[in-house]
Structures are given as C-alpha cells and as structure tokens.
Amino acid sequence: YEGALNLAPEDLDVRCDLAGALWESGQQEEAARHYQKVLEVSPDFQRARRGLMAMALKDGDLERAMEWRIGLDDPDGEIAHSL
C-alpha cells in the first residue's frame, strides 16, 4: 500500500487501505495518523471515521468510539450493534 500511496498520494481509499494494514500489523499509532490525514482532507470520509471508531472500540474506549460514530451511515445497524 505504501507503494500505491507514493503513486497516488491524494487517493484517500489507498491511504485508508494502508491504515487498515498498519492497524492489523499492530502499528496503531501510524494507522491512526493515516486515518487522521484522510479526515484532514475530507472530514466526513466514512472509511476513515469507521477505522478510527473500530480502533477505539478495540482499545475499550467507548466514549471516543461514540465521537467517531457521529455522522456515520448505519443503514443496517451494524455500527449500533458494535457499540
């Protein structure tokens, strides 16, 4: 993903893909930084907000997860169920 990001640094989906891969590999701080960079460009970008919400839930920080949940689409109730 880092190579793809070098080729397309403005691609928010690629940056979210990289953040997800970093999170899965245990690099939470770096993953959060990439999600935050996405939100600097597009504050309502769903994938980044969902990623940060999932990270907060995994950390057991319900209050922070609820903050990231604000504005997320949840047509099937998946997010509400997770919280």
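First, a word on scope: everything that follows refers to the structure included in this document. Predicted, not measured: the structure shown is a model, and the values here were computed from it.

Calculation criteria
Residues numbered from 1 in each chain as written. Predicted model: local features only at pLDDT ≥ 70, side-chain atom pairs only at ≥ 80, totals over all residues. Heavy atoms only, no water. Axes fitted to C-alpha atoms, helices over the stretch in contact; angles between N-to-C directions. Helix = DSSP H or I, 4+ residues; strand = E, 2+ residues; numbered from the N terminus. Parallel < 35°, antiparallel > 145°, perpendicular 65-115°, else oblique. Left-handed = near helix turned anticlockwise from the far one by under 90°. Contact = heavy atoms within 4.5 Å. Core = buried A, V, L, I, M, F, W, Y, C linked by side-chain atoms within 4.5 Å. Buried < 20%, exposed > 50% of the residue type's maximum accessible area, 1.4 Å probe, protein only.

With respect to the packing of helix α2 (residues 12-24) against helix α4 (residues 46-58)
Each pair of packed helices gets described by two things: the angle between the helix axes and the distance between those axes.
Then, in step 1: Close contact between α2 and α4 brings their axes to 10 Å; oriented N to C, the two are set at 15°. In terms of their interaxial angle, α2 and α4 are classed as roughly parallel. Crossing handedness for the pair α2 and α4: left-handed. Within the contact between the two elements, α2 uses D13, C16, D17 and W23 and α4 uses R47, A48, A54, M55 and K58.

A few points about the nonpolar core
Then, in step 1: Counting residues in each nonpolar core, the largest one holds 20 residues, and the members touching the most others are Y35, F45 and A48.
Then, in step 2: Only α2, α3 (28-41), α4 and α5 (62-69) provide two or more residues apiece to this core.
Then, in step 3: By residue number, the principal contributor to this core is α2, which donates 6 residues.
Then, in step 4: Discounting chain neighbours no more than four positions away, the residues touching A48 are C16, Y35, V38 and L39.

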